[in-house]
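Next come the chains, spelled out residue by residue.
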Amino acid sequence: MNDDAYIVEMRHITKRFPGVLANDDISVGIKRGEIFAFLGENGAGKSTLMSILFGMYESDEGEIFVRGQKVSLSSSNEAAALNIGMVHQHFKLVSNYTITENIILGIEPVKKSFGLFPAVDIKTASRKIKELSRSYGLEVDPAMRIDQVNVSTQQRVEILKMLYRDAEILIFDEPTAVLTPQEIEFLLGIMRGLRDKGKTIILITHKLEEIKQIADRCAILRRGKLVKVLNVADTSTQEMANLMVGRDVSFTRNKKPPRFRDRVLEVEGLTVRNEGHFEVVKDVSFSVRGGEIFAIAGVSGNGQIEIADAIAGLVKPSRGTIRLKGKDITSRSIRERIERGLSYIPEDRQKYGLILDFTLQDNLAIKRYYFPPFSGGGVLNDERFKDFADSLILRYDIRSGQAGKTSTRSMSGGNQQKAIVAREISLDSDLLIFVQPTRGLDIGAIENIQTQILEERDKGKAVLLISLELDEVMSLADTIGVIYNGRLLNIAPADTLSTKEVGAYMMGVKG
Ligand SMILES: Nc1ncnc2c1ncn2[C@@H]1O[C@H](COP(=O)(O)OP(=O)(O)O)[C@@H](O)[C@H]1O
Ligand SMILES: [Mg+2]
């Protein structure tokens, strides 16, 4: 077989789910030894298409060829036998098993021993894992249990698991969504290394920068259809973005000069201890004015979440005061803070943001139950709920199967997130705290949400933005403070700081 031949070819693949055409007559070929990306918005059909290649779903129509042979893939075992491996968006590891056990699960090497039962040969397995770790730069401690290691290590385990099964075609479904910027760099390096050793990589993502950095070719999907296959070197991120969203997307935000008003939030000497009594926020002071976006930049885990949680009332500070519009709220309840004008878009949206068993409509109105026009004389007004939900769904482009009546649990993560942002902004609070407001969203949705944040600022709201995305901080903030190891360093107007400088503070190189 010549080197240009497709190692995988999918022809005319169509897949329907109830009410959704997830893949609509898609034909695409992937060459041996390339990094091939699938780009598309949330819900475009990327995971479905690759799950078909991995034997998890059967397509309604279409054919698949692997190494020139027509195949029928009705289980992942059949895909694995063809040396196809996949790292899913949500890892499939057993948390109380060790790394070694997880890797060999299902294909344990067996040692013939004297007894009646064959024994699992952990030694041989460990040796093979060590060799793979070394040759691909995937460091793990094989004896650790999955619940003892971080997400990035768990991902390395998933990769080792594929390699242990001799995978030649490796599918990664949004692998960077859960990683910090440094971990992303590391993973992209690993992928390059895999390609250089002859593996074929399929990368699903909605991040244009990643594709620009490592992919050779890229297929763009939009609402179930294949829009185009591009050579990455010959295209721009702008062109990819436009094709992905289906309209001209703007990367730069139209930011008016700020008009600052009175101080809305004042934090003084805030200190927060974690459960182990370790100080994770150390004597932090800052204030946010109306009409100002104050961004806390920093690498994940440096105390920024705890600052937000303390202001919102989710954790109790051990020292310091928090004032909202001049009133001390340090020991007020969460509900009192909301009523005094605080909105919070937390990081853990599933846990604090939405009630998944409620409909979208009920979630959008959840914080308004107590107030007219939603309730009066103890009665909830269903029509008002519906109209209110419909207006937010339209304005924030929240996509769901059955509009306001959709069960929130069935919605994609990105659309759940848009729902929380919509609800919190609609409360018309004087202080808006956003933690990673655009995390995991595609470019069209990011544009929408960032524009809404700027609009709130222009209306005179105080915005506290906590983001790991340096680009987001630089394009939105009026004032930036960098958090490092629990301390807030170098608070300064955004236009006096360069991206490089902020990055250096984030790494602790400066300051
Ligand atoms: N198991 C499923 N049951 C019903 N609908 C599904 C299922 N999986 C995906 N879908 C729907 O199919 C469409 C494509 O989803 P998906 O392939 O997950 O998109 P992407 O990975 O590009 O975000 C979406 O509308 C999604 O809601
Ligand atoms: Mg997906």
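J.: Explain the pattern of salt bridges residue by residue, including any values.
T.: A full pass over the atoms with the stated rule returns 34 salt bridges. In this structure, Lys-461 and Asp-428 form a salt bridge, with 2.5 Å as the shortest nitrogen-oxygen distance. Of this pair, Lys-461 sits in the loop between α15 (443–458) and β22 (462–467) while Asp-428 is found in the loop between α14 (413–426) and β21 (431–435), placing the two residues 33 residues apart along the sequence. A residue is classified by how much of its surface remains accessible, and Lys-461, at 7% relative accessible area, is buried. Between Arg-457 and Asp-478 there is a salt bridge; the shortest N-O distance is 2.9 Å. Here Arg-457, found in helix α15, pairs with Asp-478, found in the loop between α16 (470–476) and β23 (479–484); they are 21 residues apart in sequence, far enough to count as distant. One exposure class covers both Arg-457 and Asp-478, and it is buried. Overlapping salt bridges, with partners in common, bring together Lys-255, Arg-457, Asp-458 and Asp-478 in one network.

J.: Would you mind going over the nonpolar core in detail, with residue names and values included?
T.: As a rule of thumb, soluble globular proteins bury nonpolar side chains together. Membership of the largest hydrophobic core comes to 49 residues, with the highest contact counts inside it found for Ile-159, Phe-172 and Leu-194. One finds Leu-364, Val-463, Ala-492 and Leu-497 within the second-largest nonpolar core, a separate group that totals 45 residues.

J.: Could you give an account of the site of ligand 1, naming the residues involved and the relevant values?
T.: Around ligand 1, the surrounding shell consists of Phe-17, Val-20, Ala-22, Glu-41, Asn-42, Gly-43, Ala-44, Gly-45, Lys-46, Ser-47, Thr-48 and Tyr-57. Gly-43 places a polar main-chain atom, nitrogen or oxygen, 2.7 Å from an oxygen atom of ligand 1. Note that an oxygen atom of ligand 1 is positioned 2.8 Å from one of the side-chain N or O atoms of Ser-47. Isolated, ligand 1 exposes 560 Å² of accessible area, and the fraction of that covered by the protein chains is 63%.

J.: With reference to specific residues and values, describe the domain arrangement of the protein chain.
T.: Annotation of the protein chain at the domain level lists domain 1 (6–245), domain 2 (250–341 + 429–511) and domain 3 (356–427). Centre-to-centre separation of domain 1 and domain 3, based on C-alpha positions: 36 Å.

J.: Now, about the sheet that holds strand β2 (residues 20–31): what can you tell me, with residues and values included?
T.: Judged by pairing direction, the sheet is antiparallel, and its four strands sit side by side in the order β2-β1-β4-β5 without closing on themselves. Taken across any chain shown, the strands that pair with only one partner, and hence form the sheet edges, are β2 and β5 (69–71). The average angle at which neighbouring strand axes cross in this sheet is 25 degrees, direction not considered. With five bridges joining them, strand β1 (residues 6–17) and strand β4 (residues 61–66) adopt antiparallel strand pairing. What sits directly across from Arg-11, in β4, is Glu-63. Along the sheet face, helix α1 (residues 46–53) touches β1, β2 and β4 and points at about 120 degrees away from the line of β1.

J.: Report on the side chain of Glu-34, specifying residues and quantitative values.
T.: Note on placement: Glu-34 falls in the loop between β2 and β3 (35–39). Of note is the side chain of Glu-34, whose polar atom sits 2.9 Å from the side chain of Arg-217. Residues within four places of Glu-34 in sequence aside, it is in contact with Gly-29, Arg-195, Lys-199, Thr-200, Ile-201, Asp-216 and Arg-217.

J.: An account of the packing of helix α4 (residues 122–136) against helix α5 (residues 151–164) is needed here, citing residue identities and associated values.
T.: Close contact between α4 and α5 brings their axes to 10 Å; oriented N to C, the two are set at 110 degrees. Taken as axis vectors, α4 and α5 run roughly perpendicular relative to one another. In the crossing of α4 with α5, the sense of the turn from one axis to the other is right-handed. Counting all contacts with α4, which are made through Ala-125, Lys-128, Ile-129, Leu-132, Ser-133 and Tyr-136, the residues of α5 involved are Leu-160, Leu-163 and Tyr-164. Its residues placed into classes, the contact of α4 with α5 shows seven nonpolar, one polar and one charged.

J.: Residues and numbers for the environment of Asp-216, please.
T.: Mapped onto the elements of the fold, Asp-216 is located in the loop between α7 (208–214) and β11 (217–222). What makes Asp-216 partly exposed here is its relative accessible area of 30%. A C-alpha to C-alpha distance of 6.0 Å links Asp-216 and Phe-36, two positions 180 residues apart in sequence. Residues in contact with Asp-216, not counting those within four places in the same chain, are Glu-34, Ile-35, Arg-195, Leu-230, Asn-231 and Val-232. For Asp-216, the side chain forms a polar contact with the side chain of Arg-195, separated by 3.1 Å.

J.: Describe unusual backbone geometry, and please don't skip the residues or the numbers.
T.: Here Arg-67, not a glycine, exhibits a phi torsion of approximately 50 degrees, which is positive. Within the secondary structure, Arg-67 is located in the loop between β4 and β5. Under the relative-accessibility criterion, Arg-67 is labelled partly exposed at 26%. One non-glycine residue with positive phi stands out, namely Gln-436, at about 45 degrees.

J.: Can you break down the packing of α5 against helix α6 (residues 181–196) residue by residue, with the values?
T.: Two elements in contact, α5 and α6, have axes separated by 11 Å at closest approach and are oriented at 10 degrees. By the criterion of interaxial angle, the relationship of α5 to α6 is roughly parallel. Every residue of α6 that contacts α5 at Ser-152, Gln-155, Arg-156, Ile-159 and Leu-163 is listed here: Glu-183, Phe-186, Leu-187 and Leu-194. Tallied by class, the residues present in the contact of α5 with α6 amount to five nonpolar, two polar and two charged.

Thresholds, definitions, all that
- Residue positions within a chain follow its written sequence, with the count starting from 1.
- Here the convention is simple: chains get letters from A, ligands get numbers from 1, in the order in which they are written.
- Note on the predicted model: pLDDT of at least 70 is required for a residue's local features to be given, and 80 or more for side-chain atom pairs to be given and counted; whole-chain, interface and lining totals, by contrast, use all residues.
- With hydrogens and water set aside, each side-chain value is computed from the structure's full complement of heavy atoms.
- Salt-bridge detection follows one rule: a side-chain nitrogen of Lys or Arg within 4 Å of a carboxyl oxygen of Asp or Glu.
- Numbering of helices and strands starts at the N terminus; helices are DSSP runs of H or I of at least 4 residues and strands are runs of E of at least 2.
- Only protein chains enter the calculation, and the probe is 1.4 Å; a residue is then buried if its accessible area is under 20% of its type maximum, exposed if over 50%, and partly exposed in between.
- In this text, buried Ala, Val, Leu, Ile, Met, Phe, Trp, Tyr and Cys residues form a nonpolar core when linked through side-chain atoms within 4.5 Å.
- Residues are labelled near a given molecule or strand when at least one of their non-hydrogen atoms is within 4 Å of it.
- Polar contact is defined as a pair of N or O atoms within 3.5 Å, subject to the rule that within protein one atom must be able to donate a hydrogen and the other to accept it, and that residues adjacent in sequence are counted only when both atoms are side-chain atoms.
- Exposure was quantified through the Shrake-Rupley algorithm and a 1.4 Å probe, taking into account, for residues, occlusion by the shown protein chains and nothing else.
- What fixes the domain bounds is an automatic or database domain assignment.
- Think of it this way: DSSP has to see at least two bridges between two strands before they count as a pair.
- Working convention: axes come from line fits to C-alpha atoms, limited for helices to the stretch in contact. Angles between N-to-C directions cover 0 to 180 degrees.
- Contacts were defined at the residue level, with two residues in contact if any of their heavy atoms lie within 4.5 Å.
- Oblique is the label for any angle not covered by the other classes, which are roughly parallel (under 35 degrees), roughly antiparallel (over 145) and roughly perpendicular (65 to 115).
- In this scheme, a crossing is called left-handed if the near helix is turned counterclockwise away from the far one by less than a right angle; it is called right-handed if the turn is clockwise.
- In this classification, Asp, Glu, Lys and Arg are treated as charged, Ala, Val, Leu, Ile, Met, Phe, Trp, Tyr, Cys and Pro as nonpolar, and every other residue, Gly included, as polar.

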